[in-house]
Every structure is written in C-alpha cells, then in structure tokens.
Amino acid sequence: MAILKVARLGHPVLRKITTPLSTAEIQSASIQRLIDDMIETMKEYNGVGLAADQVHESKQIAVLEVADNPRYPEKPRVPLTVLINPRITQLSEETDEDWEGCLSIPDLRGRVPRFKSIRVQACDRQAREIDFVAHGFHARVIQHEWDHLNGKVYLDRMRDLSSLAFLAEFARFWLPA
Ligand SMILES: [Zn+2]
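Conventions we followed
In every chain, residue numbers begin from 1 and rise along the written sequence. Local features in this predicted model are restricted to residues of pLDDT 70 or higher, and side-chain atom pairs are both shown and tallied only at a pLDDT of 80 or more, whereas totals for entire chains, interfaces and linings draw on every residue. Excluding hydrogens and water, the side-chain values take into account all heavy atoms of the structure. Where helices and strands are cited, they refer to DSSP runs of H or I of at least four residues and of E of at least two residues respectively, numbered from the N terminus. Here the expected length of a helix is defined as 1.5 Å per residue gap, with one fewer gap than residues. Contact criterion: two residues are considered in contact whenever any of their non-hydrogen atoms come within 4.5 Å of each other. Only N, O and S atoms count as donors, using a 2.8 Å cut-off from the metal and 3.2 Å for Na, K and Ca, and because water is excluded some sites may appear unfinished. The cut-offs for exposure are 20% and 50% of the maximum accessible area for each residue type, with area from a 1.4 Å probe on protein chains only; residues under the lower value are buried, those over the upper are exposed, and the others partly exposed. Strand pairing is assigned whenever DSSP detects at least two bridges linking the two strands. Working convention: axes come from line fits to C-alpha atoms, limited for helices to the stretch in contact. Angles between N-to-C directions cover 0 to 180 degrees.

Colleague: Report on helix H2 (residues 29-44), specifying residues and quantitative values.
Modeller: The end-to-end C-alpha separation of H2 is 22 Å, in line with the 22 Å expected for 16 residues at 1.5 Å each. Buried positions along H2 lie against helix H1 (23-26), strand E1 (49-51), strand E2 (61-66) and strand E3 (78-90). Immediately downstream of H2, the backbone of asparagine 46 shows phi near 55°, a positive value.

Colleague: So, the coordination of the zinc ion: which residues are in play, and what are the values?
Modeller: Bound to the zinc ion on the protein side are Cys102 (SG), His144 (NE2) and His148 (NE2), at distances that span 2.0 to 2.3 Å. Along the chain, the residues that donate to the zinc ion are spaced as C-x41-H-x3-H. One end of the pair, cysteine 102, is in strand E4 (residues 95-102); the other, histidine 144, is in helix H3 (residues 136-149), with 42 residues separating them in the sequence. The residues cysteine 102 and histidine 144 share a single accessibility class, namely buried.

Colleague: Outline the sheet that holds E3, listing residues and values.
Modeller: The five strands lie next to each other as E1-E2-E3-E6-E7, forming an open sheet whose pairing is antiparallel. Looking along the sheet, the strands with just one partner apiece sit at the ends: E1 and strand E7 (129-135). Strand-to-strand twist in this sheet, taken as the mean axis angle between neighbours without regard to direction, amounts to 40°. With three bridges connecting them, E1 and E2 associate as antiparallel partners. Bridging from a neighbouring strand, alanine 51 pairs with alanine 62 of E2. The sheet strands contacting H2 are E1, E2 and E3, and the helix crosses E2 at an angle near 35°. Along the sheet face, H3 touches E1, E2, E3, strand E6 (117-123) and E7 and points at about 125° away from the line of E7.

Here it is as structure tokens:
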C-alpha cells in the first residue's frame, strides 16, 4: 500500500467530472490497489472522506470513514465505506449548515449547507449494489465526496464566503465548546 499525493485546489483534475467504472474494472487488481491506497491516504491525513480525483485519478470512487478523528472530534462514527459510481437522491428539501474542511483545500474551514437526509445507491468494492439512507454528518460527508466526483468543491456550495476561516482561527473563535 502507498500514501498518495493529494491534489490541491487549482489542479485541473479536481474540476473534471470523473468516469464511472465497469464491473470488470472495479474487480481489477489496479483498482483494488487504488482503493487500498485511497483508504491509507485518507487515514494518514485524518480525512473523513477521499475522492479518487483528489489523488489524481478521475474515476467515480470515494472512500469514507469517521472513527476517532482529531480533525473532527465529537462527530458520530461512520464505518469504512467504499462508494463506486454513486447516485444520490435527497429525501427532503431540509438542509443543515455546518463546518467542512477538505484535504485539497488545506487549513481552511467554512460553513456549508447540505441536505439532511439522502438515499445513496452505489457499488461496493466487490461491485455489489448497495443502497442505503444517510442522515446528518454521514450524509454531509457523502455529499462532499459526491461533489468531488462531479468536479465541485465545498467552496462552491457555501451561501457566501463570510464564514471561511483558517484552522487556527476556527479553533480559536468558532470551535463548539
Ligand atoms: Zn474534499
């Protein structure tokens, strides 16, 4: 396994729409290795999610996991999940605004509105169909990664940029006590 280099904002790969994978591609050794490397890279940088285009592979793969994460203390746990070719449907118009960060936009946090509840349909790493409902922070992480796969970053989703903060100032003035 390997820790991969993370593309930062400004790299054109982050603005491209990623390509879906066939079942044969998902099951190939090279994609299985990429998934392992994405998981290792996400953990190395304490991310809660990582999209393949963030490691310079313009493919519809995202990984997510929320365990004990120093970047996101006090957040509910999300088991390690691999989403390939995901489709997302909002379950209501209800949104929630909360802080997000991104490994491709280091040292910044901003408040982003997201749908509270979504249905997620995707393939897992064995190319089996998965279909589940996600709420709250879990739904937020998936919407953030799904945006990456569609060439978007969280800054595009902010209502305005007035909450944008560097991490040190976020911790000093805005971190919930
Ligand atoms: Zn991100």
